[in-house]
Amino acid sequence: MAVATFVENDYGTKTAWIIIYDSWWFEVVMVGLVIAFIANIYKYNLLRKEKWAILLFHLAFIIIVLGAGITRYTSYGGVMRIREGQSSNVVISDTNFLSLTITDGKTSKTVKKKLSFASIKNNDFTIKTDFEGADVTVSFKEYVEDAIAEVVEDKAHGEPLLEMVVTAGNGRNTIYLKKGEIEKIGEHQHEIGFNSDKKGIINIVEKNGAFSIDSPHDLDFFIMSTQQAGKISKDSLQAITLRTLYRSGDISFVPLTYFESGMFQLKSESKDYKENDKTKDDALLVNVSVNNEVKPLNILYREGFLPTHHDVNIDDLRIILSYGAGAIETPFSLQLNDFQLERYPGSSSPSAYASEVTILDKDEEIPFRIFMNNVLDYGGYRFFQASYDTDEKGTVLSVNHDSLGTWVTYLGYLLMTLGMFFTLFGKTSRFHLINRKLKHLKKKYVTVIILLFGLQTSFAQQVVDSTETRIVQLIKSQEIDEAHADYFGRILVQDLDGRIKPVNTLGSEFLRKISRKSSFSYQIDGEKKTFDANQTFLAMHIAPYVWQDIPLVKVDFDKTGSIFKDVIVGSNGLLPYKSLLDKKGDYILTTQVEEANKKKPAERNEFDKEVLKVDERFNILYNLFAGNYLKIFPNKNDPNNTWFSFKHHFRDFPEEDGQFAQSIIPSYFNDIVTLKYDSAHEKLMYIKKYQEVLGASVIPTPERIEAELWYNKANINFWLFQVFFTLGLVLLALAIVKMFVQNKAIEFFNNTLVILTLVSFLCFTGNIILRWYVAQHAPWSNGYEMLVFVSWVLLLCGLLTFRKSDFSLPLATLFSGALLFVSYLDWLNPEITNLMPVLKSYWLKIHVATIVSSYAPLALAAILGLMALLLYVFKTPKTKGIIEIKIKELSYINEIAMTIGLFVLAVGTFLGGVWANESWGRYWAWDPKETWALISIIVYAIVLHLRFIPKLNNNFVLNVASMFAFWSIIMTSFGVNYYLSGLHSYAAGDPLPIPNFVYVLAALMVILTVLAYFRRKVFK
């Protein structure tokens, strides 16, 4: 299954299905899994009353696989395309067939064969049949994806062809003319022929390699090679040269190339295996033979459309072939009354789309609205909003017919959930047994190594005194009253994605992007001068030319080599915008950026990546200095609620609105420059009122605006990761002390730290709720939010288990802090963003929260395993007794955490299947995300079952396995998102380079495992 996800990434979804998911051996694996479950039921005697919860759990998996089998063999589906005002009862199936029809004009015979083609499998096939005593054979020749025709010279089978480029007001087209052929061009049907006998047309004549032209009217010409122009008189045969432009009225044409023995050959336009364009035709090339007479035939195919028919006549028989989807007729029709597409304000991104349909079933007419996550169930068929036509006048509905398989699978999900619940809480369960063992352990304490990290800072260059003095003077001139800037930060702005938010949010995001800081600071006269995001953002719009000389741009000089050796660097270690321009005003990184962009992300080195980051910051600054980001003026004439910058021409605004928007900002800026803050404040109030009136339908409520401003100002997560690091380290240090010394003072200090951790957790909780309120959707819809939520759940797990071990809370707190720290690195975007249509569902809250919650106990299990291995390494004869008890304690908590994590992960994964079934009609489609979730379930199920193998039934194996098993979660949560293609992917399968720390961490884990293994043998 893991291999299949990489095959899908490299060769496309279709290939992965053909060679793996739809293969017979994959079915054998599933059957083998069922046999294994049945065998375990008897081997471990699960048919006992005290084992009924475990039995239910195992039976659930058997039922789930059974449901999947029913779906695989009995379900069918496809897509239904309907244009507005039209109706349809035809489903274009998702199964492809090669259809062969043979006829002699009196009788006919049809043969169908299910076929699929992939780029890395043997596609060879042969269909043999007979018709009225004749032997008919169709055999495979070639399959060409994204097929386009090209002409090649073929002396044996070719014929004279003239390639021409023609334009007639409807774009440029390439045509090929055989000798004697005529092509009609343009609206007025001008006729152009090649060696034609017809009179009154534009006729191009070839004789012995020389070309001439005869036209019924005058032609203008232009010879491109010599830049010579002229005119050809009508009704006269005149010599011409190829690659000459001819113009007559509304048409132009260029005879390009002459092929003496030309033959059409199909070639693939795909650049690689996975880039199969669904808007282009594929071609199946076959050989058709009747009684040993063979003729080639090309069959065109396009996914999601009914097949076209192609025929060939051989030996008085007409052979008709087609390849593609079959047509499934439903017993009723759907009529599309209206297709509706809503976009986010000022953006081309869809917010939602829906189809207003009417079910036409005999005399019955039933209206229904189909939209994402709102399914039409009728007559055993389910219709889902899948896509739409590019002109937004037609809908594409996904159709599925699989009620039995779905309900059997859902029954399995229900039984599995019940089995897990009673496994956790049953008195005879393994989970309950481990809890009892844990309670019987003596309260001994672990030793721990605290690693201290040092930060190294350096400046790449120094600026000369005169330049530094000038920078200081410029910065002093840019100070704006903080109170007024704060009010400016409350004005609403529309970002590039169409989200309406305070200027303060945009300014903060901007500063983080270009300087990796939340404010601008500079050392002046021994003191740090600081402008907050509002002051900086406003000042840069008022005086963009001044700020081009002020250091703003973050650069990692260690990664860029000598490229910035001669540029000005501020004392704050940042570059001014103008440092990235040479004396002529040209961008100094043009060549380097072009070279980096030519490389695939996985091929880019540290220099390339840093250059692209600097280029992004440069372009952000350029657009800010151009005034493109301050989109604060709504236009009531704009149907998509687009807001515009003060640099807009405003000719498309109502006259009065346009005059206001065009004049208010220059006047406002002038008030700031002349320190007339009362007047400036009054103008901001005018702008605010303008937004409230014209943008009333899209602006957030005043309460949400205030909440977002408070969220930005508090920046709680930034402070929390420092608090968690500190608390975690102190708690670990205290655990060391408590191992050797026990008194009331230490216990009081420990309890105080636990209370502080709880208070910090409550602040963390409040911050997540606040973000939810501001965004108006559950805050776990992207990579940043997922990491923050895992951090929150992980700390919750630590607080729930801290009484079982002094070790769990310190490590959970430390790891939570580490995750929050990682969330601030520049490869994750903390912006609050709009949701894709499919995510606008209550399932986002249920499924994603459940899945992400499972990662926390599994992460806790991994760090518990890591700590247990450290205890093995640092075990001494004096501490052997205490450490062995502590290893047992950690191992018990580890197994408990993995059990809970596995159960929650399984429930979350199958809830995702329910959501998928509600969204696009398939509860399981082997998307890489769900595949890796299933792989993670299997990995952790194996880890928890290792105890049934006698030689592996020990705490060392459990802790090693729990540590390495977490890599499957990392792959599921991040690897799929950024390294594989699929529904859950952000990188479209074009992989980013794997960070170096990943290799270092993996190597350290291996080294630690080896050391722990040998140290364990010493004391065994």
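What counts as what
Residue numbers run consecutively from 1 along every chain, following the written order of its sequence. Only residues with pLDDT of at least 70 are given local features in this predicted model, and only at 80 or more are side-chain atom pairs given and counted; all residues enter the totals for whole chains, interfaces and linings. The side-chain figures draw on all heavy atoms in the structure; neither hydrogens nor water molecules are used. UniProt positions are given in the numbering used here, feature names are shortened, and annotations may be inferred rather than shown by experiment. Strands here are runs of E lasting at least two residues and helices are runs of H or I lasting at least four, both read from the DSSP assignment and numbered beginning at the N terminus. Between two residues, a contact is recorded if the distance between any of their heavy atoms is within 4.5 Å. The protein chains shown are the only cover counted for residues, whose accessible areas, like all others here, come from Shrake-Rupley with a 1.4 Å probe. Pairs of strands are assigned from DSSP output, requiring at least two bridges between the strands. Where helices are involved, their axes are fitted lines through C-alpha atoms of the stretch in contact, as for all axes, and angles between N-to-C directions lie from 0 to 180°. Working rule for helices: expected span equals 1.5 Å times residues minus one. Exposure classes here rest on a 1.4 Å probe applied to the protein chains alone. A residue is buried below 20% of its type maximum, exposed above 50%, and partly exposed in between. Planes of paired rings set the category: under 30 degrees apart is stacked, over 60 is edge-to-face and the rest tilted, where pairs are Phe, Tyr or Trp rings (Trp by its six-membered ring) whose centres lie within 6.5 Å. By definition, being over a ring means that NZ of Lys or CZ of Arg is both within 6 Å of the ring centre and within 35 degrees of the ring normal. What qualifies as a polar contact is a pair of N or O atoms within 3.5 Å, subject to a donor-acceptor requirement within protein and to the restriction that residues adjacent in sequence count only when both atoms come from side chains. By the definition adopted for this analysis, an angle is roughly parallel if under 35 degrees, roughly antiparallel if over 145, roughly perpendicular if from 65 to 115, and oblique otherwise. Less than a right angle of anticlockwise turn of the near helix away from the far helix marks a crossing as left-handed, whereas a clockwise turn marks it as right-handed. Each residue receives one of three labels: charged for Asp, Glu, Lys and Arg, nonpolar for Ala, Val, Leu, Ile, Met, Phe, Trp, Tyr, Cys and Pro, and polar for the others, Gly being one of them. Distance thresholds for patches are 9 Å for like charges and 5 Å for nonpolar side chains (Val, Leu, Ile, Met, Phe, Trp, Tyr), applied to residues having over 30% relative accessible area and no salt bridge. In the sections that follow, a salt bridge refers to a side-chain nitrogen of Lys or Arg positioned within 4 Å of a carboxyl oxygen of Asp or Glu. Charge convention: Lys and Arg are scored as positive, Asp and Glu as negative, and His as well as the terminal groups of each chain are ignored. Charge coordinates come from a single atom per side chain, which is NZ of Lys, CZ of Arg, CG of Asp or CD of Glu. Among buried residues, those of type Ala, Val, Leu, Ile, Met, Phe, Trp, Tyr and Cys that are joined through side-chain atoms within 4.5 Å constitute a nonpolar core. The quantity called pLDDT is the predictor's confidence in a given residue, expressed from 0 to 100.

- By the naming in an unreviewed UniProt entry, the protein is Cytochrome c biogenesis protein CcsA, taken from Postechiella marina.
- In the Subcellular location (unreviewed entry) part of its UniProt record, the protein is described as follows: "Membrane".

### Notes on the overall build of the protein
Working step 1: Helix and strand counts for the protein stand at 26 helices and 34 strands.
Working step 2: Sequence-distant contacts in the protein: of pairs separated by 6 or more residues, those separated by 24 or more amount to 64%.
Working step 3: Roughly 50,200 Å² of accessible area belongs to the protein as shown, and the carbon and sulfur atoms make up 57% of that amount.

### Some points on the sheet that holds strand β19 (residues 293-301)
Working step 1: Read across the sheet, four strands follow the order β4-β5-β18-β19 without closing on themselves; strand pairing throughout is antiparallel. At either end of the open sheet lies a strand with only one pairing partner, and these are β4 (126-131) and β19. With strand direction ignored, the average angle separating the axes of adjacent strands in the sheet is 25°.
Working step 2: Two elements, β4 and strand β5 (residues 134-144), share six bridges in a ladder whose sense is antiparallel.

### Let's talk about helix α24 (residues 928-945)
Working step 1: With 18 residues, α24 should cover 26 Å at 1.5 Å per step; its first-to-last C-alpha distance of 25 Å lies within 8% of that length.
Working step 2: α24 sits mainly inside the fold: 13 of its 18 residues count as buried.

### Section: the sheet that holds strand β10 (residues 190-194)
Working step 1: Taking strand neighbours across the sheet as the criterion, the five strands line up as β9-β10-β11-β12-β15 in an open arrangement whose pairing is mixed. Every other strand in the sheet has two partners, leaving β9 (182-185) and β15 (238-240) as the edge strands with one partner each. When strand polarity is set aside, the average angle formed by the axes of neighbouring strands in this sheet is 25°.
Working step 2: Examined bridge by bridge, strand β11 (residues 202-207) and strand β12 (residues 210-214) share five bridges and lie antiparallel to one another. Bridged to Val205 within β12 is Ser212.

### As for the environment of Tyr413
Working step 1: Structurally, Tyr413 is set in helix α5 (residues 403-425).
Working step 2: Separated by 356 residues in the primary sequence, Tyr413 and Phe57 have C-alpha atoms spaced 9.6 Å apart.
Working step 3: Setting aside chain neighbours within four positions, we find Tyr413 in contact with Ile64, Phe910, Val914 and Tyr923.

### Description of the side chain of His58
Working step 1: For His58, the position within the fold is in helix α4 (residues 52-74).
Working step 2: Sequence-distant contacts of His58, defined by excluding residues within four places in its chain, comprise Phe37, Ile41 and Leu46.

### What about the packing of aromatic side chains?
Working step 1: Under the defined criterion, the tally for this structure stands at 55 aromatic pairs.
Working step 2: Clustering of aromatic rings is evident, with ring pairs tying together Phe37, Phe61, Trp407, Tyr410, Tyr413 and Phe910.
Working step 3: Positioned above the aromatic ring of Phe305, the side-chain terminus of Arg81 is 4.1 Å from the ring centre.
Working step 4: The ring of Phe305 carries the charged tip of Arg302 above its face, separated from the ring centre by 5.9 Å.

### A closer look at the environment of Asp389
Working step 1: Inspection of the secondary structure puts Asp389 in the loop between β25 (381-388) and β26 (394-401).
Working step 2: Take Asp389: its relative accessible area is 16%, and that puts it in the buried class.
Working step 3: Residues Asp389 and Ile82, 307 residues apart in the sequence, show an inter-C-alpha distance of 9.3 Å.
Working step 4: Not counting the four nearest positions on each side in its chain, Asp389 is found in contact with Arg81, Arg83, Gly394, Thr395 and Val396.
Working step 5: Here the side chain of Asp389 touches Arg83 through a polar contact of 2.8 Å, side chain to side chain.

### Topic: the packing of helix α3 (residues 24-43) against α4
Working step 1: Running from N to C, α3 and α4 cross one another at 155°; their axes reach a closest spacing of 10 Å. Relative to α4, the element α3 is oriented roughly antiparallel. When you trace α3 past α4, the crossing you get is left-handed. Side by side, α3 and α4 meet where Glu27, Met30, Val34, Phe37, Ile38 and Ile41 of the first sit next to Leu55, His58, Leu59, Phe61, Ile62, Val65, Arg72 and Tyr73 of the second.
Working step 2: A per-class count over the contact of α3 with α4 returns eleven nonpolar, one polar and two charged.

### Things to note about a nonpolar patch on the surface
Working step 1: Taken together, the side chains of Trp52, Leu411, Leu414, Leu418, Phe421 and Phe422 present a nonpolar region at the surface, about 560 Å² in accessible area.
Working step 2: Residue contributions to the nonpolar patch peak at five residues, all from α5.
Working step 3: With respect to the helices, strands and loops of the structure, Phe421 is situated in helix α5.
Working step 4: Overall, the relative accessible area of 44% leaves Phe421 in the partly exposed class.

### A few points about a positive patch on the surface
Working step 1: A contiguous patch of positive charge on the surface is contributed by Arg516, Lys517, Lys528 and Lys554.
Working step 2: Look at Lys528 and you get exposed, because its relative accessible area is 59%.

### Observations regarding the nonpolar core
Nonpolar side chains in soluble globular proteins tend to be buried together.
Working step 1: Tyr21, Met416, Phe764, Leu869, Met898 and Tyr940 are the most contacted members of the largest nonpolar core, which totals 117 residues.
Working step 2: Residue contributions to this core peak at 17 residues, all from helix α22 (residues 842-873).
Working step 3: Residues contacting Tyr21, with those up to four places away along its chain left out, are Met1, Ala4, Thr5, Ala16, Phe26, Arg72, Trp926 and Thr931.
Working step 4: Ile475, Val493, Ala596 and Phe644 belong to the second largest nonpolar core, which has 66 residues in total.

### Examining the side chain of Gln494
Working step 1: Summarising the element assignment, Gln494 is placed in strand β27 (residues 492-494).
Working step 2: Residue class for Gln494 comes out buried when judged on its relative accessible area of 0%.

### A closer look at unusual backbone geometry
Working step 1: The phi dihedral of Glu132 falls on the positive side, at around 50°, and the residue is not glycine.
Working step 2: For Arg243, which is not glycine, the phi torsion reads 60° and is therefore positive.
Working step 3: With respect to the helices and strands, Arg243 occurs in the loop between β15 and β16 (244-248).
Working step 4: Taking the relative accessible area as the measure of exposure, Arg243 reaches 48% and is therefore partly exposed.

### What to know about the pattern of salt bridges
Working step 1: All told, the structure shown has 31 salt bridges when counted by the stated rule.
Working step 2: Of the charged contacts in the structure, one is a salt bridge between Arg499 and Glu708, with a shortest N-O distance of 2.9 Å. Pair noted here: Arg499 is in the loop between β27 and β28 (500-502) and Glu708 is in helix α17 (residues 702-714), with a separation of 209 residues, a long-range link. Here Arg499 matches Glu708 in class, with each residue buried.

### Examining the pairing of β10
Working step 1: The buried fraction of β10 is high, at five of five residues.
Working step 2: On β10, burial covers both faces: His190, Ile192 and Phe194 on one face and Glu191 and Gly193 on the other are all buried.
Working step 3: In the sheet, β9 pairs with β10 via four bridges, with the strands oriented antiparallel. Residue pairing across strands places Ile182 opposite Gly193, the latter belonging to β10.
Working step 4: Remark: four residues form the turn of the hairpin made by β9 and β10, two consecutive strands paired antiparallel; Gly186 in that turn has positive phi of roughly 80°.

### Some points on the packing of helix α1 (residues 2-11) against helix α2 (residues 13-21)
Packed helix pairs are characterised by how far apart their axes lie and by the angle those axes make with each other.
Working step 1: Axis separation between α1 and α2 bottoms out at 7 Å; the angle between their running directions is 145°. Once α1 is placed against α2, the crossing between them reads as right-handed. For the pair α1 and α2, contact is made by Ala4, Thr5, Val7, Glu8 and Tyr11 and by Thr13, Thr15, Ala16, Ile19, Ile20 and Tyr21, respectively.
Working step 2: Split by residue class, the contact of α1 with α2 holds seven nonpolar, three polar and one charged.

### Points about the confidence of the model for the protein
As a general rule, the predicted coordinates of low-pLDDT regions are not to be interpreted in detail.
Working step 1: On average, residues of the protein carry a pLDDT of 82, and 88% of them reach 70 or more.
Working step 2: Counting contacts from residues 442-465, a segment whose pLDDT is below 50, to residues more than four positions away or on other chains yields 48 contacts.
Working step 3: Of the regions scoring below 50 in pLDDT, residues 985-990 engages in 21 contacts with residues more than four places distant in sequence or in other chains.

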